[in-house]
Amino acid sequence: MKQLLLLISLFISSLAFAQKNPGKVIGSLKDAKDESLPDATISVMQAKDSSLISFTRTSNSGYFEIKNLDTGSYYLLISYQGFETINKPFVISFEKPIVDFATIRLEKAYKILSEVVVVDEAPIKIKGDTLAYNANAFKTKPNATVEDLIKKLPGMTVERDGTVKTQGENVQKVYVDGKEFFGSDPKLATKNLTADMVDEVEVYDDMSEQAKFNKIDDGSRSKAINLKLKKDKKKGVFGRINGGYGTDNRYDAGITANLFKGATQVNIIAKANNTNNIGFSISDAMGMFGSGGFGGFGGGGGMMMVRGGGGGNFGIGGGPSGITKTASAGINLRDVWGKDIDVTSSYFYNHAGANNFRSSNFQRFLTDSTLAGEQETISENLNDNHRFNLNLKWEIDSLNSIIYQPNISFQQSSNYRDDSLLQNAVKGSESYLLNNTRTISDNTGNGTNLTNNLIWRRKLNKIGRTLSVSLSNTYNKNDREGYVTSRGNSFNNIGEKTRENNFRQQNLQDNLTNNYGATLSYTEPIARNKILEFNYAYNNNTNEANRVTSDYNDITGKYDIRNSVLSNRFENVNESSRFGTNFRVTSKKFNYQLGLSLQNTLLTSNNLSKDSAINQRYFNVFPTASFNYQFARSRSLRINYRGRTNQPSISQLQDLIDPNMAPYYRTGNPALKQEFSNSITLTYNFFDMVKFRNLFALISFNNTTDKIVDNLMTKNFPERYRYLEAGGTQLSIPTNMDGIYNITGSFNIGFPIKKMKGGNFNTNTRITYARNGNVIDGLKNLNKNIMLGEDLRLSYNYKEQLDLGLNASTNYTSVKYSNLDIPGILRKNQDQSYFNHIISADITYTFPKGLILSTDLDYTINPKQEETIDRTFSMWNASIAQQLFKSKRGEIKFSAFDLLNQNQSFSRNISDNYIEDVRNTVLQRFFTISFTYNLNRMGGKSMMPRMMERATRNIRIN
């Protein structure tokens, strides 16, 4: 706590250091006809180096005012579309702190001078639905990345794990000059491209290729960023080389290289480390690891409360549990073939290995008792993944275009897991040992995943009349070979052994998924602002699962005894046809869309081993509606409603036991029905372009009929599973239940601090109310889950020297069990409510000679697991770096991670009748020394001196 108080005192000192004189500049804009010019961009630039100090936009009357200016020399840059850009020098002094330009008149820009270059230096612009930031207006330190630039943009934030947020939403994609950069992972662009390459950062709502073409919202909207590169940065070589080594043999090395020459762009990435710095999409690593996830991912399916570990250059925390080694390499190519074919393709390889020790304490609430237990797991996981992507766009002519997107990946994995479980039964004041089990499993597998998407688009002989056809195919094949050895005993309440559960088995699994579909869409304009769309979609999804289980033969020493009970061949086919129509109206202030689809579905579950099949036919109505109202260019309201079905997975349908999960067995239910969900979402966005205040609010409601939930049995097992029934065993069979719904809300407010130029405050409020349920021994069990969260962040940037942030986060969780159908349960033993808090600070200070000091501290307060176990801890990192060489392209750094050696990993998982506290292995204190070199050879020549660049601007000085 002392370290936190020290950081807070430094912050308070920096506030005193940053106080400004009450200097300001005012005036108003008019044209030659004496009419006011609203929404013009007014910028105050430092006279000596043209760096941006502050900016604003004129009011409806043309008035502007910029406050909190230091004494010094500046110039006023006035930019307004269609008018000449004006530069007006001025000086703020103690004697004259207020500069009044009175009325400034702008003249139409009738011509462009032949010997100068026109440069629009407006810091921020609105282009329809797109918000565009001028990157040159936001200064960053030498060799800064795009991530460093984004941190300085008003209304945008970067989380410690690198996640970019804007307008209260996560950014899902980052494009470079309108094209994907290394697939769809945003962090690969923000962490590997340099800030000095970027001309503009555009923020907008992205949609699917189909929606972009026919202007019909298909529900695919998501936030995206487009990085527009500077013209002189599109030819040359740039990149970064880094290497670091430390105590405990910690290492982190990598290289990124980018070659640009016109339309041809090549990007190369290669990295390796053993410090949990994954650096690629975690879904690649999880694809083959099956139940339990990668090194401790997943588990419980409940509320993840807290995980310790706080960032740093070596990425402590934020990844899988345990100690992780990763290596990755890839190449990305973007080019134009001829004049009509635009190609983006990439190959990416990654290797990940994780070792983890996981310990947990849990409670399982039953109808007449509670099970309390401890579990310890040692796991080792390895994964290799090869991924190929292609995106080809062919503009055949002005009316026809084709988009083809094939993707293929290959995976190999191996997993070792050693589980030890001890479980007690608690009935009132009585407690006794119920069972103990040790299970060791070892398996390997490989998989192939192939997807194809082909879209043909045709513009017909009338504006708005279009025809498009899309074809898709997905093929997934996974083969696994596994071995499991389990030994366990069950006991009664007087300590007598009631059952031994010992077996050794081999499991061979082949899983195949083959999906193909076709969609036809036709749009017809029925008025200038009205479009009617008709669509048809056919989809066929086939899943096959083949499992052969063999018991170990002590005589032959082989797995040659076929276990017919645990062997099975299963096929599931989901075939659907959907007819739909959408009606869209667009006007200046608002637009809305109404849609209705009718779908006929045939679901066939065929147990080939038993020669039995279940056929279910559904007829569904899918209504959709959306309404968008644009109060102003920076204020909007959006309402969306959608209905959809969710089909049960093949694992939920296949009635086969997994012995690896003993004593918690799980099987499927071939008679499961499909789910139907209704969701309503309301979002409100407000962004004040003048004062940089923002408000983003989201509220959503979702309810599901025939929700697939667990039917948990501890007694009276079905006849075919009766052999499993013993004290402490639990059998879970999925079933359908109504009455499940949730409400979520998120409210984000941000604004600059007037008396602290460079200071910004953001707050985010999160609310969730969920009603979930299951069935316990045939009786209905419901729970109500309330989660409240508040995040506060105060950030401050002083010129290019000091970057400081203070964060506070508090979370409240409450779970109350209804159990209206279950008598005699003590509520106090089940209902849970707790808080957890995280207070953090991060400071970076850059000295004039290129010396950089950085530190960050997280102070985490968790609820106690027991009265004697306090889970409050601090995570403190620090580094000192020196920039090298004349261009400051080199950097040598000494880093210390977890200086107090307190890093911990805790999580709490809550499900319908289950509470678990989990601890995982984490990285603790280590030290590293690293070297980084930035390569930047653009167009074969160095950067143009700033004074010459300024001389080429098209600026009329009054």
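Residues numbered from 1 in each chain as written. Predicted model: local features only at pLDDT ≥ 70, side-chain atom pairs only at ≥ 80, totals over all residues. Heavy atoms only, no water.

Participant: Hey, could you run me through the overall build of the chain in this one?
Facilitator: Counting its regular elements, the chain contains 7 helices and 48 strands. For the chain, buried positions account for 47% of its 958 residues. Summarising the internal contacts of the chain: among those between residues at least 6 apart in sequence, 67% fall at separations of at least 24. Of the roughly 45000 Å² of accessible surface on the chain, a fraction of 55% belongs to carbon and sulfur atoms. (Helix = DSSP H or I, 4+ residues; strand = E, 2+ residues; numbered from the N terminus. Buried < 20%, exposed > 50% of the residue type's maximum accessible area, 1.4 Å probe, protein only. Contact = heavy atoms within 4.5 Å. Areas by Shrake-Rupley, 256 points an atom, 1.4 Å probe, with all protein chains shown as cover.)

Participant: Would you take a moment to explain the pattern of salt bridges for this structure?
Facilitator: Scanning the entire structure with this criterion turns up 14 salt bridges. Residue Glu524 pairs with Arg465 through a salt bridge whose shortest N-O separation is 2.8 Å. Taken together, the residues span a long stretch of sequence, with Glu524 in strand 25 (residues 497–527) and Arg465 in the loop between strand 23 (430–459) and strand 24 (466–491) at a distance of 59 residues. A salt bridge links Asp710 to Arg666; its shortest N-O distance comes to 3.1 Å. Here the residue Asp710 occupies a position in strand 35 (residues 707–713), and Arg666 occupies one in strand 32 (residues 664–666), the gap between them amounting to 44 residues. You can call Arg666 partly exposed: its relative accessible area is 44%. (Salt bridge = Lys/Arg side-chain N within 4 Å of Asp/Glu carboxyl O.)

Participant: Please clarify how the pairing of strand 30 (residues 612–632) should be interpreted in this entry.
Facilitator: Moving residue by residue along a regular strand, the side chains alternate between the two faces of the sheet. Across 18 bridges, the pairing between strand 29 (residues 590–607) and strand 30 is antiparallel. Looking at strand 30, one finds that Leu594 is bridged to Ala625. Pairing of strand 30 with strand 31 (residues 635–646) involves 8 bridges; the strand directions are antiparallel. Note that in strand 31 the partner of Phe627 across the bridge is Ile639. (Pairing = 2+ DSSP bridges.)

Participant: Any chance you could explain the side chain of Arg364 here in plain terms?
Facilitator: By secondary structure assignment, the location of Arg364 is in strand 20 (residues 341–365). It is Glu916 that comes nearest to the buried, bridge-free Arg364 among opposite-charge side chains, at 6.8 Å. With residues up to four places along the chain from it excluded, the contact list for Arg364 reads Ser369, Thr370, Leu371, Gln423, Tyr664, Gln730, Asn913 and Tyr914. (Lys, Arg positive; Asp, Glu negative; His and termini not counted.)

Participant: Just to check I follow, could you spell out the confidence of the model for the chain for this structure?
Facilitator: For any part of a model where pLDDT is low, the fine detail of the predicted coordinates should not be relied upon. Here the chain averages 80 in pLDDT, while 84% of its residues score no lower than 70. The low-confidence segment residues 820–828 (pLDDT under 50) makes 14 contacts with residues lying over four places distant or belonging to another chain. Scored below 50 in pLDDT, residues 940–958 makes 36 contacts in the model with residues more than four places away or belonging to other chains. (pLDDT = per-residue confidence, 0-100.)

Participant: Hey, could you run me through the nonpolar core in this one?
Facilitator: A general trend in soluble globular proteins is that nonpolar side chains are found buried together. In this structure, Tyr133, Leu149, Met156, Leu193, Val201, Ile225 and Leu227 are the most contacted members of the largest nonpolar core, which totals 41 residues. Core analysis: the second largest hydrophobic core is formed by 21 residues, Ala40, Leu69, Ile78 and Phe83 among them. (Core = buried A, V, L, I, M, F, W, Y, C linked by side-chain atoms within 4.5 Å.)

Participant: So what exactly am I meant to see when it comes to the sheet that holds strand 7 (residues 98–106) here?
Facilitator: Strands pair in a sheet through their backbones, by hydrogen bonds, and they do so in one of two ways: parallel or antiparallel. The strand order across the open sheet formed by 3 strands is 4-1-7, and the pairing between neighbours is mixed. In the strand order of this sheet, the two ends are held by strand 4 (63–69) and strand 7, each with one partner. If you compare each strand with its neighbour and ignore which way they point, the axes differ by 15° on average. Bridge count for strand 1 (residues 23–31) against strand 7 is 7 bridges, and the pairing is parallel. Its bridge partner being in strand 7, Asp31 is matched across the sheet by Leu106. (Axes fitted to C-alpha atoms, helices over the stretch in contact; angles between N-to-C directions.)

Participant: Which parts of the structure should I look at to understand the environment of Asn606?
Facilitator: Within the secondary structure, Asn606 sits in strand 29. In this structure, the C-alpha to C-alpha distance between Asn606 and Arg569, residues 37 residues apart in sequence, is 8.7 Å. Ignoring anything within four residues of it in the chain, the contact list for Asn606 reads Arg569, Phe570, Glu571, Ser612 and Ala613.

Participant: Any chance you could explain the environment of Leu731 here in plain terms?
Facilitator: Tracing the backbone through its elements, the reader meets Leu731 in strand 36 (residues 730–737). Classification of Leu731 by relative accessible area gives buried; the value is 0%. Sequence spacing of Leu731 and Tyr721 is 10 residues, and the spatial spacing of their C-alpha atoms is 8.6 Å. Aside from chain neighbours lying at most four places away, what touches Leu731 is Ile657, Tyr665, Thr667, Asn711, Leu712, Met713, Phe717, Pro718 and Tyr721.

Participant: Explanation requested: a nonpolar patch on the surface in the structure shown.
Facilitator: On the surface, a nonpolar cluster with roughly 700 Å² of combined accessible area is contributed by Phe847, Leu853, Ile880, Phe885, Ile892, Phe894, Ile929 and Phe931. Within the secondary structure, Ile880 is located in strand 43 (residues 873–884). (Patch = residues over 30% accessible without salt bridge, like charges linked within 9 Å, V, L, I, M, F, W, Y side chains within 5 Å.)

Participant: In this structure, what is going on with unusual backbone geometry? I would like to understand it.
Facilitator: Phi is mostly negative for residues that are not glycine, and the peptide bonds are mostly trans. Its identity is not glycine, yet Ala102 carries a phi of approximately 55°, on the positive side. When you line up the elements, Ala102 lands in strand 7. With relative accessibility at 44%, the residue Ala102 sits in the partly exposed group. Of note, Asn716 is a non-glycine position whose phi angle comes to about 55°, a positive value. Residue placement: Asn716 occurs in the loop between strand 35 and strand 36. Its relative accessible area of 62% is what places Asn716 among the exposed residues.

Participant: What am I meant to see in the packing of aromatic side chains here?
Facilitator: Each pair of aromatic rings is reported with the distance of its centres and the angle of its planes. The final tally for this structure, using the stated rule, is 23 aromatic pairs. Seen from their ring centres, Tyr74 and Phe90 are 5.6 Å apart, and the 25° between their planes marks the pair as stacked. Within this pair, whereas Tyr74 is found in strand 5 (residues 72–79), its partner Phe90 is found in strand 6 (residues 86–92), the two being separated by 16 residues in sequence. By relative accessible area, which is 4% here, Tyr74 ends up buried. With relative accessibility at 6%, the residue Phe90 sits in the buried group. With a centroid separation of 4.8 Å and 65° between ring planes, the pair formed by Tyr845 and Phe847 is classed as edge-to-face. Here Phe847 falls in the partly exposed class, since its relative accessible area comes to 33%. Here the aromatic cluster, defined as three or more aromatic residues joined through ring pairs, consists of Phe583, Phe590, Tyr592, Phe627, Tyr629, Phe631 and Tyr684. Of note, Arg364 hangs over the ring of Phe362, and the distance from its end group to the ring centre comes to 5.3 Å. (Phe/Tyr/Trp six-rings, centres within 6.5 Å; stacked < 30°, edge-to-face > 60°. Lys NZ or Arg CZ within 6 Å of the ring centre and 35° of its normal.)

Participant: Even after reading the chapter, I still don't get the pairing of strand 14 (residues 198–206), so can you show me in this structure?
Facilitator: By the criterion of burial, strand 14 is predominantly enclosed, with 7 of the 9 residues buried. Inspection of the sheet shows strand 9 (residues 130–134) paired to strand 14 by 4 bridges, in the antiparallel sense. The partner of Tyr133 across the bridge, within strand 14, is Val201. Summarising the sheet, strand 14 and strand 15 (residues 222–229) pair through 8 bridges and their orientation is antiparallel. Considered in strand 15, the bridge of Glu200 is made with Lys228.

Participant: How should I be thinking about the environment of Val146 in this particular structure?
Facilitator: Along the chain, Val146 turns up in helix 2 (residues 146–150). For Val146, a relative accessible area of 0% gives the class buried. A sequence separation of 47 residues divides Val146 from Leu193, and the C-alpha atoms of the two residues are 5.8 Å apart. Beyond its immediate chain neighbours, meaning those up to four positions away, Val146 contacts Ala189, Thr190, Leu193, Thr194, Ala195, Val198 and Leu227.

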